[in-house]
Amino acid sequence: MDAPNTTQAPDFAAVKTRQQAAWASGNYAVIGVTLQLVGESLAEACDLRWDEKVLDVAAGNGNVTLAAARRGCKVISTDYVPALLERGAKRADAEGLQVEFREADAEALPFDDASFDAVVSTFGVMFTPNQQQAASEMARVCRPGGRIGMANWTPEGFIGQMFKTLGKHMPPPAGVQPPSRWGVEDNLRTMFGEQAAEITANKRFFNFRYRSPAHFIEVFRTWYGPVHKAFAALPPEAGAALERDLSALMESLNKGGPNSLVIPGEYLEVVIKRR
């Protein structure tokens, strides 16, 4: 007789609770504001129009939220970390932009079917533990003929490799797919399936610019939730080993010469036309 299958499905709720605590730690906005260029590029790729209804999913501190609002869209910005929404709201207020900010889970969006002309996310929805559910929710709330736009780190790019390095020191939850899966076009075709009439995916690069690998690590371990939590959880010797591995990775990718750090971070810019 075959042995019984004892593999259990991951506890997505527990994983999400831990993730929420990680993203609420530090201050992602310090990192997020440097990525504004990505939000502007995605807004153009989605060809956002004045008065269109746009939903930003897992918006963080609102990069593509602001980009859409600058183009005259009626934007609802959502995240499950209230502090990030507050920072996004302050940015919108500073520019005199009208945006609605609402706390929401990307895997259970509190909106009716086909409510939005465009549904967007920059380096946000890719971190949901139940990836298929998140993809289905984005498609559900997007109207037929609307667009789903995303910027997702690729597995081969710098951030994808950084998370692989973190995983060697802090193994990820069993059964949970890596976030960088969203950075592979074939995986997106599988996740969105028949809900996608057309998928356009292009590789782009965002240049991370810091003084040195040590400077990058200092900033990220202080402000970037996953890195902050990893260093906080590791004993000193293990933390030093992680720091060495991250430094080696950055040295191998650095295009800035001996006196600076410039690392091209590859990501996939995606526009899906909703069937």
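Residues numbered from 1 in each chain as written. Predicted model: local features only at pLDDT ≥ 70, side-chain atom pairs only at ≥ 80, totals over all residues. Heavy atoms only, no water.

Engineer: Can you help me understand the overall build of the protein in this one?
Structural biologist: Tallying secondary structure elements over the protein gives 11 helices and 7 strands in all. Relative to the 2.2 N^0.38 estimate, which gives 19 Å for 275 residues, the radius of gyration of the protein is 19 Å and therefore close to what a compact globule would have. Here the C-alpha coordinates of the protein stretch approximately 65 × 55 × 30 Å along the principal axes. Relative to its 275 residues, the protein shows a buried fraction of 52%. By sequence separation, contacts in the protein at least 24 residues apart represent 77% of the contacts at least 6 residues apart. If you sum the accessible surface of the protein, you get close to 12800 Å²; carbon and sulfur atoms cover 51% of it. Within the protein, the 32 negative side-chain charges are centred at a point lying 3 Å from the centre of the 29 positive side-chain charges. (Helix = DSSP H or I, 4+ residues; strand = E, 2+ residues; numbered from the N terminus. Rg over C-alpha atoms; globule rule 2.2 N^0.38 Å. Buried < 20%, exposed > 50% of the residue type's maximum accessible area, 1.4 Å probe, protein only. Contact = heavy atoms within 4.5 Å. Areas by Shrake-Rupley, 256 points an atom, 1.4 Å probe, with all protein chains shown as cover. Lys, Arg positive; Asp, Glu negative; His and termini not counted. Charge placed at Lys NZ, Arg CZ, Asp CG, Glu CD.)

Engineer: Help me understand the packing of helix α9 (residues 213-223) against helix α11 (residues 236-253) in this model?
Structural biologist: Two quantities define a packed helix pair, namely the angle between the helix axes and the distance between the axes. Where α9 contacts α11, the two axes come as close as 9 Å, and the packing angle between them is 125 degrees. With respect to their mutual orientation, α9 and α11 come out oblique. Pair α9 / α11 crosses with right-handed handedness. Of α11, the residues touching α9 (which contributes Pro 213, Phe 216, Ile 217 and Arg 221) are Glu 243, Leu 246, Ser 247, Met 250 and Glu 251. Of the residues that constitute the contact of α9 with α11, the class distribution is 5 nonpolar, 1 polar and 3 charged. (Axes fitted to C-alpha atoms, helices over the stretch in contact; angles between N-to-C directions. Parallel < 35°, antiparallel > 145°, perpendicular 65-115°, else oblique. Left-handed = near helix turned anticlockwise from the far one by under 90°. Nonpolar A, V, L, I, M, F, W, Y, C, P; charged D, E, K, R; others polar.)

Engineer: What is the right way to read the pairing of strand β1 (residues 53-56) from this model?
Structural biologist: Each regular strand carries side chains that alternate between the two faces of the sheet. Pairing between β1 and strand β2 (residues 74-79): 4 bridges, direction parallel. Along β2, the bridge assignment pairs Lys 53 with Lys 74. As for the winding sense of the linkage, the β-α-β connection from β1 through helix α4 (residues 63-70) to β2 is right-handed. (Pairing = 2+ DSSP bridges. Right-handed = clockwise from strand over helix to strand, strands pointing away.)

Engineer: What exactly am I supposed to notice about the pairing of β2 here?
Structural biologist: Across the 6 residues of β2, 5 count as buried, placing the element largely inside the fold. Here β2 runs beside strand β3 (residues 99-103); their pairing, made up of 5 bridges, is parallel. Bridging across to β3, Ile 76 finds its partner in Glu 100. Between β2 and its parallel partner β3, the chain crosses via helix α5 (residues 82-95), and the hand of that crossover is right-handed.

Engineer: Help me understand the state of the cysteines in this model?
Structural biologist: Each disulfide consists of a covalent bond between the sulfur atoms of two cysteine residues. Enumeration according to the criterion identifies 0 disulfides in this entry. Cysteine Cys 46 remains unbridged, with the sulfur of Cys 142 as its closest cysteine sulfur at 9.4 Å. Assessed through its relative accessible area of 2%, Cys 46 is described here as buried. (Disulfide = S-S within 2.5 Å.)

Engineer: Is there a simple way to think about the side chain of Asn 152 in this case?
Structural biologist: Among the secondary structure elements, Asn 152 is positioned in strand β5 (residues 142-153). You can call Asn 152 buried: its relative accessible area is 0%. Here Trp 182 takes part through its backbone oxygen, which lies 3.0 Å from a polar atom of the side chain of Asn 152. (Polar contact = N/O pair within 3.5 Å; in protein donor to acceptor, adjacent residues only side chain to side chain.)

Engineer: Whenever I open this one, the packing of aromatic side chains confuses me. Can you help?
Structural biologist: The geometry of an aromatic ring pair is captured by two quantities: the separation of the ring centres and the angle between the planes. Per the stated rule, a full pass over the model turns up 20 aromatic pairs. When the ring of Phe 123 is compared with that of Trp 153, the centres are 3.8 Å apart and the planes differ by 5 degrees; the resulting orientation is stacked. A residue pair is termed long-range when its members are at least 10 positions apart, and Phe 123 in the loop between β4 (116-122) and α6 (131-141) and Trp 153 in strand β5 qualify at 30 residues. As far as burial versus exposure is concerned, Phe 123 and Trp 153 are alike and both buried. On the basis of an interplanar angle of 80 degrees and a centroid distance of 5.1 Å, the ring pair of Tyr 210 and Phe 216 is categorised as edge-to-face. Accessibility assignment for this pair places Tyr 210 and Phe 216 in one class, buried. The residue whose ring lies beneath Lys 53 is Phe 116, and the NZ or CZ to ring-centre distance is 5.7 Å. Against the face of Phe 231 rests Arg 221, its NZ or CZ located 4.0 Å from the ring centre. (Phe/Tyr/Trp six-rings, centres within 6.5 Å; stacked < 30°, edge-to-face > 60°. Lys NZ or Arg CZ within 6 Å of the ring centre and 35° of its normal.)

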